[in-house]
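Commentary on secondary and tertiary structure
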There are 2 protein chains.
Amino acid sequence: MEQRAAQRSGAVDKRRQILDAAVTVFARQGFHATRVSDIADEAGVAYGLVYHYFNSKDQVLNELFLERWSLLLAAIEEAEKTDASHRDKLGACAGFIFESYRHDPRLMKVIIVEVTRAANSFGRTHLEEIRRAYAGIARIVADGQEAGEFRADIDPRFASQAFYGAIEQLLTEWIFDDVEVADARFEEARNLLVTTICDGLEPR
Amino acid sequence: MEQRAAQRSGAVDKRRQILDAAVTVFARQGFHATRVSDIADEAGVAYGLVYHYFNSKDQVLNELFLERWSLLLAAIEEAEKTDASHRDKLGACAGFIFESYRHDPRLMKVIIVEVTRAANSFGRTHLEEIRRAYAGIARIVADGQEAGEFRADIDPRFASQAFYGAIEQLLTEWIFDDVEVADARFEEARNLLVTTICDGLEPR
DNA sequence: TGCTCCTGATTGACCCGTCAATCGGTTTTC
DNA sequence: GAAAACCGATTGACGGGTCAATCAGGAGCA
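How each quantity is defined
- Residues numbered from 1 in each chain as written.
- Chains lettered and ligands numbered in written order.
- Predicted model: local features only at pLDDT ≥ 70, side-chain atom pairs only at ≥ 80, totals over all residues.
- Heavy atoms only, no water.
- Helix = DSSP H or I, 4+ residues; strand = E, 2+ residues; numbered from the N terminus.
- Contact = heavy atoms within 4.5 Å.
- Least-squares fit on C-alpha atoms with pLDDT ≥ 70 in both.
- Domains from an automatic or database assignment.
- Buried area = accessible area lost by both parts, 1.4 Å probe.
- Salt bridge = Lys/Arg side-chain N within 4 Å of Asp/Glu carboxyl O.
- Polar contact = N/O pair within 3.5 Å; in protein donor to acceptor, adjacent residues only side chain to side chain.
- Axes fitted to C-alpha atoms, helices over the stretch in contact; angles between N-to-C directions.
- Parallel < 35°, antiparallel > 145°, perpendicular 65-115°, else oblique.
- Left-handed = near helix turned anticlockwise from the far one by under 90°.
- Nonpolar A, V, L, I, M, F, W, Y, C, P; charged D, E, K, R; others polar.
- Phe/Tyr/Trp six-rings, centres within 6.5 Å; stacked < 30°, edge-to-face > 60°.
- Buried < 20%, exposed > 50% of the residue type's maximum accessible area, 1.4 Å probe, protein only.
- Near = heavy atom within 4 Å.

Turning our eyes to something else, we now look at the overall build of chain A. For chain A, the count of helices and strands is 10 helices and 0 strands. Along chain A, helices and strands appear, N-terminal first, in the series α-α-α-α-α-α-α-α-α-α. By principal-axis analysis of the C-alpha atoms, chain A measures approximately 60 × 35 × 35 Å. The contacts in chain A between residues at least 6 apart in sequence include a share of 70% that link residues at least 24 apart.

Right under this line is the structure:
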């Protein structure tokens, strides 16, 4: 799965090309409604080549998901390590997710719609990786509680679900609208979230 | 669509039987993975009869969704009308949703997984109804702001997304776990939510 | 009561389009 | 020259939806 072989001389990396094309069509039509031939066409590549690089249509999506999700997990771990306030740590997590959307809205659309929220198909497959993210956020909340920064009477896992759920719902609206989101909105969204949730978590 | 004809003498309402069976199999296998024959088998009814009562497999799901969602919309409107605090109004909305899950977890699973979160298929189809719920919640937030009960520097639509997103994410976890949820957990979940979000919305 | 007719519910075999995946071949590259 | 990359026609499973045939019970009639 990690052969990703050093590409020959000037040849374009067809594999990458296929992955990128897949993002485009998955985002446009949804995973289920895209035929493998759509991916190949979009990539300007022969049908069979998709199967040369991937075992199945599923594997293409898996690869796209893991590629990005591993970055998120790394970002959360990174946030944990800093010595910022716990509020800021949560802000960093939210920031990374919003940033991912800004960086490539279509990829995030695919990940959210086809994996993260797809409880019957890929969501189940990748449950472990997905939950690892929730757990990371929950750890930050728990630490914040121990430090007296957050109120202690709320289950950290509950809090992390609410936090993550709120983020995803905001993104989902942008996804549905399929509208260009101004840069300022990203900052705004992140601040809103951290403000609302973290203020709600503050000790009374 | 509303013929639902006076059923002959002692005959069971086959139509209802089919809908109930559909909930069972959709919840178990997911909409996409269930064949129409699965529904018929589960209902103990012939394949063709499903098409006698419904135009398509899609219509079966639509019916299930609308049946429940219209109750939610009514509940939100109801909450708006009371003269409770706005915090309590939001609590009532969250309460109704959690209550729906308690009442029939499988139906809520189907609605959330196959409609509400299915941005590519039924989510798009029912976008209008879904958004009507968000809008109702946003109205409550806006009213609360006007009454000075909530801070005014947060877009009510943002707040409603965060609120609804948090609820759905909590439910999603229960759905994934597929585990019996103790009654006490429902109360706890509702209180947590209202506490976290509403405290976060309080004026500072 | 017994018979026929009629209506609409019910049945399930079958048609038919749709893809995912395979495979045998050709071209490129080293 | 051989291995890897590339091509796209072909296959075969699969499942939604159709429809002609059957069945059951009520109405009309004598």
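The structure having been displayed, the exposition proceeds.
Our focus in this paragraph is the relation of the copies chain B and chain A. The relation between the two chain copies is a rotation about an axis coupled with a shift along that axis. For these two chains of identical sequence, chain B goes onto chain A by a turn of 180 degrees and a shift of 0.0 Å along the axis, with RMSD 0.1 Å. Taken together, the turn and the small shift mark the pair as related by a two-fold rotation axis. Rotation axis and chain B: the residue whose C-alpha lies nearest the axis is glycine 200 of chain B, separated from it by 1.9 Å. Mapped onto chain A, 100% of the interface residues of chain B again fall at the interface, so both copies present the same surface.

Residues and elements named next belong to chain A. Along its sequence, chain A is carved into domain 1 (1-54) and domain 2 (64-201). Spacing between the C-alpha centres of domain 1 and domain 2 amounts to 29 Å. Across the boundary between the two partners, domain 1 contributes 9 residues, which contact 8 residues of domain 2. At the boundary of domain 1 with domain 2, total buried surface from both sides reaches about 850 Å², with 66% on carbon and sulfur atoms. If you sort the residues of domain 1 by the area they bury against domain 2, Val23, Ala27 and Phe31 come out on top, with a joint share of 56%. The tally of links from domain 1 across to domain 2 stands at 1 salt bridge. Of the charged contacts, one joins glutamate 67 and arginine 16 as a salt bridge, the two residues approaching to 3.0 Å between their closest N and O atoms. Inspection of the domain 1/domain 2 interface yields 4 residue pairs in polar contact (both at pLDDT 80 or more).

For the pair helix H10 (residues 183-201) of chain A and helix H10 (residues 183-201) of chain B, the least separation of the axes is 7 Å and the interaxial angle reads 115 degrees. Here H10 of chain B runs roughly perpendicular to H10 of chain A, going by the angle between their axes. As for how H10 of chain A packs across H10 of chain B, the hand of that crossing is right-handed. Contacts from Thr196, Ile197, Asp199, Gly200 and Leu201 of chain A in H10 of chain A reach Thr196, Ile197, Asp199, Gly200 and Leu201 of chain B in H10 of chain B. Class assignment for the residues of the contact of H10 of chain A with H10 of chain B results in 4 nonpolar, 4 polar and 2 charged.

Here the focus is the packing of aromatic side chains. A full pass over the atoms with the stated rule returns 18 aromatic pairs over all chains. Between phenylalanine 98 of chain A and tryptophan 174 of chain A the ring centres are 5.9 Å apart and the planes differ by 55 degrees, which places this aromatic pair in the tilted class. Placement of phenylalanine 98 of chain A in helix H5 (residues 86-103) and of tryptophan 174 of chain A in helix H9 (residues 156-177) is noted, with a sequence separation of 76 residues between them. Of the two residues, phenylalanine 98 of chain A and tryptophan 174 of chain A, neither departs from the other in class, the shared state being buried. Measuring from ring centre to ring centre gives 5.3 Å for tryptophan 174 of chain B and phenylalanine 186 of chain B, while their planes differ by 65 degrees; the resulting arrangement is edge-to-face. Pair noted here: tryptophan 174 of chain B is in helix H9 (residues 156-177) and phenylalanine 186 of chain B is in helix H10, with a separation of 12 residues, a long-range link. Residue class for tryptophan 174 of chain B comes out buried when judged on its relative accessible area of 6%.

A full pass over the atoms with the stated rule returns 38 salt bridges over all chains. Across the pair glutamate 168 of chain B and arginine 117 of chain B runs a salt bridge whose closest N-O atoms are separated by 2.8 Å. Of this pair, glutamate 168 of chain B sits in helix H9 while arginine 117 of chain B sits in the loop between helix H6 (105-116) and helix H7 (122-125), and the two are 51 residues apart along the sequence. The same class applies to glutamate 168 of chain B as to arginine 117 of chain B, namely buried. With a shortest N-O distance of 3.1 Å, aspartate 155 of chain B and arginine 157 of chain B are connected by a salt bridge. Given the relative accessible area of 54%, arginine 157 of chain B is considered exposed. One connected set of salt bridges, linked through shared partners, spans Arg87 and Asp199 of chain A together with Arg151 and Asp153 of chain B.

Neighbouring residues of DNA strand C: 17 residues in total, closest Arg35, Val36 and Tyr47 of chain A together with Ala46 and Tyr53 of chain B. Between a phosphate oxygen of DNA strand C and a main-chain N or O atom of threonine 34 of chain A, the distance comes to 3.3 Å. A distance of 2.9 Å separates a phosphate oxygen of DNA strand C from a polar atom in the side chain of histidine 52 of chain B. Residue assignment for the surface near DNA strand C shows that the elements contributing at least two residues are helix H3 (47-53) of chain A together with helix H3 (47-53) of chain B.

Around DNA strand D, the surrounding shell holds 17 residues, and the nearest of these are Ala46, Gly48 and Tyr53 of chain A together with Tyr47 and Tyr51 of chain B. Tyrosine 53 of chain A places a side-chain nitrogen or oxygen 2.6 Å from a phosphate oxygen of DNA strand D. Listing elements by their share of the surface near DNA strand D, those giving two or more residues are H3 of chain A together with H3 of chain B. Counting residues per element, the surface near DNA strand D draws most heavily on H3 of chain A, which supplies 5 residues. Tallied by class, residues from the surface near DNA strand D come to 8 nonpolar, 5 polar and 4 charged.

With that out of the way, let us pick up helix H2 (residues 36-43) of chain A. Residue and element names in this part refer to chain A. Of all the positions in H2, only Val36, Asp38, Ile39, Ala40 and Ala43 are classed as buried. Considering only its buried residues, H2 is in contact with helix H1 (14-29), H3 and helix H4 (57-81). Where H2 ends, the next residue or the one after it, glycine 44, has phi of about 65 degrees, a positive value.

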